[in-house]
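# Residue-level structural notes
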Amino acid sequence: MAGIKEIRTKIKSVQNTRKITKAMEMVAASKMRKAQDRMRAGRPYATRVRAIAAHLMQANPDYTHPYMVERAKLSAVGIVLVTTDKGLCGGLNTNISRLVLAKIKDFESQGIRVQATALGSKGLGLLSRVGVNVVSSEVQLGDAPNLERLIGAIKAQIDDFSNAKVDAVYLATSRFVNTMHQEPTFVRLLPLPSDLEDPFQSDAQPVEELETTYGWDYLYEPDSKTVIDDLLLRYVEGLIYQSVAENMASEQSARMVAMKSASDNAKKVIGDLQLVYNKTRQAAITKEISEIVGGAAAV
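Residues numbered from 1 in each chain as written. Predicted model: local features only at pLDDT ≥ 70, side-chain atom pairs only at ≥ 80, totals over all residues. Heavy atoms only, no water.

## Digging into the overall build of the protein chain
Scanning the protein chain for helices and strands turns up five helices and five strands. Along its sequence from the N terminus, the protein chain presents helices and strands in the succession α-β-α-β-α-β-α-β-β-α. For 299 residues, the compact-globule estimate of 2.2 N^0.38 gives 19 Å, and the C-alpha radius of gyration of the protein chain, at 28 Å, exceeds that figure by more than 25%. Along the first, second and third principal axes, the C-alpha set of the protein chain runs to 115 × 35 × 35 Å. Once local pairs closer than 6 in sequence are excluded, the contacts in the protein chain between residues at least 24 apart make up 78%. (Helix = DSSP H or I, 4+ residues; strand = E, 2+ residues; numbered from the N terminus. Rg over C-alpha atoms; globule rule 2.2 N^0.38 Å. Contact = heavy atoms within 4.5 Å.)

## Here's the deal with a nonpolar patch on the surface
A cluster of nonpolar side chains, namely Ile 285, Ile 289 and Val 293, defines an oily patch on the protein surface of about 260 Å² accessible area. On the secondary structure map, Ile 285 appears in helix α5 (residues 224-298). Here Ile 285 falls in the partly exposed class, since its relative accessible area comes to 38%. (Patch = residues over 30% accessible without salt bridge, like charges linked within 9 Å, V, L, I, M, F, W, Y side chains within 5 Å. Areas by Shrake-Rupley, 256 points an atom, 1.4 Å probe, with all protein chains shown as cover. Salt bridge = Lys/Arg side-chain N within 4 Å of Asp/Glu carboxyl O. Buried < 20%, exposed > 50% of the residue type's maximum accessible area, 1.4 Å probe, protein only.)

## A look at the sheet that holds strand β4 (residues 168-178)
Reading across the sheet, the five strands line up as β3-β2-β1-β4-β5 and stay open at both edges, with mixed pairing between neighbours. Lying at the two open borders of the sheet, with one neighbouring strand each, are β3 (133-138) and β5 (181-190). Taking the axes of each pair of neighbouring strands and ignoring which way they run, one obtains an average angle of 20 degrees across the sheet. Sheet analysis places strand β2 (residues 113-119) next to β3, joined by five bridges and oriented parallel. Opposite Leu 119, over in β3, you have Glu 138 as the bridge partner. Contacting β1 (76-82), β2, β4 and β5, helix α2 (residues 92-109) crosses the sheet at an angle of about 35 degrees to β5. (Pairing = 2+ DSSP bridges. Axes fitted to C-alpha atoms, helices over the stretch in contact; angles between N-to-C directions.)

## Re the pairing of β5
Note on strand geometry: in a regular strand, side chains alternate between the two faces of the sheet. Here β4 runs beside β5; their pairing, made up of nine bridges, is antiparallel. If you follow Ala 172 over to β5, its bridge partner there is Phe 186. Counting the residues between successive antiparallel strands, the hairpin from β4 to β5 contains two residues.

## Some remarks on unusual backbone geometry
Residue Pro 191 is reached from Leu 190 by a cis peptide bond, and omega for that bond is -5 degrees. Of note, Pro 191 is situated in the loop between β5 and α5. Positive phi, close to 55 degrees, is recorded for Gln 140, a residue that is not glycine. Along the chain, Gln 140 falls in the loop between β3 and α4 (147-162). For Gln 140, a relative accessible area of 51% corresponds to the exposed category.

## Looking at the environment of Met 68
Considering the arrangement of structural elements, one finds Met 68 in the loop between α1 (4-58) and β1. Owing to a relative accessible area of 11%, Met 68 belongs among the buried residues under this scheme. When the C-alpha atoms of Met 68 and Gly 42 are compared, they prove to be 24 Å apart, with 26 residues separating the residues in sequence.

## Notes on the packing of aromatic side chains
With the rule as written, the count across this model stands at three aromatic pairs. On the basis of an interplanar angle of 40 degrees and a centroid distance of 5.5 Å, the ring pair of Phe 107 and Tyr 170 is categorised as tilted. With a gap of 63 residues between them, Phe 107 in helix α2 and Tyr 170 in strand β4 connect regions that are remote in the sequence. In this pair, the class of Phe 107 matches that of Tyr 170, namely buried. Three or more aromatic residues joined by ring pairs form one cluster here, namely Phe 107, Tyr 170 and Phe 186. Seen from the ring of Phe 161, Arg 71 lies directly overhead, with NZ or CZ sitting 4.3 Å from the centre. (Phe/Tyr/Trp six-rings, centres within 6.5 Å; stacked < 30°, edge-to-face > 60°. Lys NZ or Arg CZ within 6 Å of the ring centre and 35° of its normal.)

## Re the nonpolar core
The biggest cluster of nonpolar side chains holds 32 residues, and the ones touching the most others in it are Leu 56, Leu 119, Leu 190, Leu 232, Tyr 235, Val 236 and Ile 240. Here this core takes nine residues from α5, the largest share from any one element. When neighbours within four sequence positions are excluded, Leu 232 is seen to be in contact with Leu 56, His 65, Tyr 67, Met 68 and Leu 192. Judged by nonpolar contacts, the second largest core, of 18 residues, contains Ile 96, Ile 112, Ala 168 and Ala 172. (Core = buried A, V, L, I, M, F, W, Y, C linked by side-chain atoms within 4.5 Å.)

## Observations regarding the pattern of salt bridges
Think of it this way: side chains of opposite charge can pair up when their charged atoms draw near. Per the stated rule, a full pass over the model turns up 12 salt bridges. In this structure, Lys 22 and Glu 25 form a salt bridge, with 3.7 Å as the shortest nitrogen-oxygen distance. Note that Lys 22 and Glu 25 are positioned in helix α1 at a spacing of three residues, about one turn of the helix. You can call Glu 25 buried: its relative accessible area is 12%. Here Arg 175 ties to Glu 183 by a salt bridge, and the two come within 2.3 Å at their closest N and O atoms. Given the relative accessible area of 31%, Glu 183 is considered partly exposed.

Now the structure itself:
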């Protein structure tokens with residue numbers, strides 16, 4: 001059995017660890033509300049712009065943007081992976097990494113070349129370890145998404161799609177469901193989706209049902225090229241921004257839950273160590289009393 005001094009050192013060490021995890025829990029809780037408000041504020045815009053983009057794929061405009069052209073065969077794809085810069089947030093990064101690795105393996109088994117863009121240090125480290133071609137990255141994103149930095153990072157993927165170097169671009173991020181649950185999602189960013197399923201809806205249901213009795217079409221002012229070019233630029237920006245906002249809200253929620261669990265476990269360990277300490281101390285006192293009594297009897 002460990003000595004009293006060793007047990008006391010262990011108790012103090014765990015107490016110090018609990019102070020750290022408790023502080024991190026409180027910091028994550030304070031940041032979580034702002035991140036969730038920012039994420040919820042952006043959802044209506046991301047939902048609507050994705051719905052309009054899906055409707056546009058079913059319309060027949062005079063001008064066809066390269067983002068609207070379906071490729072006959074996939075020979076190369078791009079993946080934009082959104083992760084956190086820091087750890088200690090439970091299985092958040094593990095879940096999205098497992099999903100992306102499965103998709104990469106599936107693409108490679110079909111002979112499709114994969115290149116990636118990493119938004120976040122954890123994703124960059126993962127892609128580098130598995131040997132995926134990382135064409136661009138952006139790390140240290142901070143507590144709020146910066147659209148200029150994000151667009152700069154994914155420009156390489158967008159340019160490669162426009163130049164037919166890749167045939168599709170996919171977006172992988174963690175969708176915020178609630179404080180206890182964050183769901184990894186993998187959706188197509190380019191070319192435009194033909195369905196209305198919104199990855200950022202809390203119920204994961206289609207935004208609205210398409211009527212089969214009529215087709216979609218729009219009136220463009222001043223002309224279809226100007227409107228569609230601006231719309232699709234906003235479409236890409238809106239989804240990238242919202243994906244990072246969702247991931248940041250998921251990160252703070254997951255970290256708060258993980259640190260709370262760590263604090264509770266540390267409290268339990270401290271209780272167990274204190275019980276062992278008391279038993280050891282009692283045994284030592286009993287031994288000393290027995291030696292004193294035995295010595296007195298011998299005299």
